[in-house]
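# Architecture and fold: a report
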Amino acid sequence: MVMMAIRRAVATATLLASSALPFAALASSALAAQTMELAPTPPPPAPGVSAALDSARAERGARMSVAILTYGPGDFVFEKFGHVAVALTDSSTGQEIAFNWGMFDFNQPNFLARFLTGDTKYWMAGYRTADFNAAYMADNRTIRKQQLQLTAVQRGAIADFVSWNALEANKYYRYDYYADNCATRVRDLLNWALAGQLDAPFRLPGGDRTWRSETARITASDPLVYAGIQVALGRNADHRLTKSEESFLPDLLANHLAALTVSSATGAPVKLVTSDSVLFTADRLPVPDQAPSRVLMALAIGTALAALVLLLAGVRSVLARVTLGVFSALWFGVGGLLGAALLLAGTITKHSPYMGANLTVLQLHPLMLLAAVVISMAAWRGTRSRVADGVSALVALLSVVGLVLQLVPSLSQQSGVVLAVVVPVHIAFAVAVRRLPARAGTADATP
């Protein structure tokens, strides 16, 4: 969803100052980031607030047109969600500028820490539309253009807003994957210019989509990212989205705008989008329409790993003990670290609205770090201990409880892929440790 990396923008776009000369006050936004942050200035009034301002906007908007440019997915993870820009054309000069809210820089101070805590700083910028589109065509990304039917006042107001927004003091914002990104900023700008005409239609339910399902759909071709999303998202990510919430994705925003009817300057209903065309078609596989169901595949993996654990535990050889010990150390060690990260992300970071209330913490949790030590030691020795027995049983019990809670409607979350892999393995480890011979000097265990 975010824009191309800065290196690509620098290579293909001209300086923002020269690109944005037709739009007042944008030259200052081309300056390098200041060492001292500037206090944001108040945004311009919405249309209808000032008759004098609307008159000036109407004069300015009469020579302008506004279009939405939607860009298809790219190769990198942060490009798979697509991108969107607002293109303003001034007929008196012939210059066309594409404004987007997807700028970021990996070299920002504390970028990694900000990313992990959900405090990533993004900003808005404008580039010559031809240069902007050329960069996406070079990356083999589809470009869709929607020409909007707006009044002259509304077009002038949008020009005022982007001029204000591109100023150094106003261009930065805290990026949120689902609630505040390049697409939602365009949605909100249009709603502002249209005096709230998107409110009612966009409050309607969408297409039975959720944040989890849409993220899984888009990342389905990347198994590691897909698996990470299933682990990270809590049950809040499973609620059915409205059309407004669905508009975090550029392509869905474009579809909703294409179906929208608004009021013209005379009050007559008109289609918001007057023309909808594809400027460039990418030569790549399309994103699937629905998220793939991989629960059966995950269950097969979980069952196979569980069988491997039981098999290794039943073989009395050094190789089997070492293999089981290494696998248990990796399984519980990695799981424990992921569990600790989930707890932190869901409680003290700004990712909590989507990663909080996550039942996966019953599958992956810090207790597994203790399990990584005691269970791997029991496996290497080939004998059980009371600590290993108790810890493995507790880990399995928590896992089963997490599975049972899926039957409670108010607690259920769509993380079947995680459950299908983890629950069988946790149960298998509890059984395997129980089957190990007792250490000398301890009570015999039932084989």
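Refer to the structure above for everything that follows.
My aim in this report is to walk through the structure given alongside it, one point at a time. Here the structure is a predicted model, which is why all the values come from computation and not from measurement. (Residues numbered from 1 in each chain as written. Predicted model: local features only at pLDDT ≥ 70, side-chain atom pairs only at ≥ 80, totals over all residues. Heavy atoms only, no water.)

Attention shifts here to the packing of helix H13 (residues 295–314) against helix H18 (residues 416–435). In the contact formed by H13 and H18, the axes pass within 7 Å of each other and the chain directions differ by 10°. One finds that H13 runs roughly parallel with respect to H18. Seen from H13, the contacting residues are Val295, Ala298, Leu299, Gly302, Thr303, Leu305, Ala306, Val309, Leu310 and Ala313; seen from H18, they are Gly416, Val417, Ala420, Val421, Pro424, Val425, Ala428, Phe429, Val431, Ala432 and Arg435. (Axes fitted to C-alpha atoms, helices over the stretch in contact; angles between N-to-C directions. Helix = DSSP H or I, 4+ residues; strand = E, 2+ residues; numbered from the N terminus. Parallel < 35°, antiparallel > 145°, perpendicular 65-115°, else oblique. Contact = heavy atoms within 4.5 Å.)

Running from N to C, helix H14 (residues 318–347) and helix H16 (residues 367–381) point in directions that differ by 180°, and their axes come no closer than 8 Å. Classed by the angle they form, the pair H14 and H16 counts as roughly antiparallel. Classifying every residue of the contact of H14 with H16 gives 14 nonpolar, six polar and two charged. (Nonpolar A, V, L, I, M, F, W, Y, C, P; charged D, E, K, R; others polar.)

Judged by how many residues are buried, strand S4 (residues 121–128) sits mostly within the fold: six of eight residues are covered. Relative to S4, strand S3 (residues 95–103) is paired through five bridges, and the arrangement is antiparallel. Its bridge partner lying in S4, Phe99 is registered against Gly126. Relative to strand S6 (residues 172–174), S4 is paired through three bridges, and the arrangement is antiparallel. Bridge assignment links Tyr122 to a residue of S6, and that residue is Tyr173. (Buried < 20%, exposed > 50% of the residue type's maximum accessible area, 1.4 Å probe, protein only. Pairing = 2+ DSSP bridges.)

Before going further, it helps to examine unusual backbone geometry. Not every positive phi belongs to a glycine, and Ala195 is a case in point at roughly 55°. Mapping Ala195 onto the fold places it in the loop between helix H7 (182–193) and helix H8 (199–202). The phi torsion at Asp208 lies on the positive side, around 60°, for a residue other than glycine. For Asp208, the location among the structural elements is in the loop between H8 and helix H9 (211–218). On the basis of relative accessibility, which here comes to 57%, the residue Asp208 falls in the exposed class.

Relative to the 16 Å expected for 12 residues at 1.5 Å per residue, H7 spans 17 Å between its end C-alpha atoms, a close match to the ideal helical length. Of all 12 residues that make up H7, 10 are buried, and the element is covered over most of its length. Here H7 has its buried residues at Cys182, Ala183, Thr184, Val186, Arg187, Leu189, Leu190, Asn191, Trp192 and Ala193. If you check the start of H7, you find a side-chain oxygen 2.9 Å away from the backbone N of Ala183, and it comes from Asn181. Of the residues flanking the end of H7, it is Ala195, one or two places downstream, whose phi is positive at about 55°. (Expected span 1.5 Å × (residues − 1). Polar contact = N/O pair within 3.5 Å; in protein donor to acceptor, adjacent residues only side chain to side chain.)

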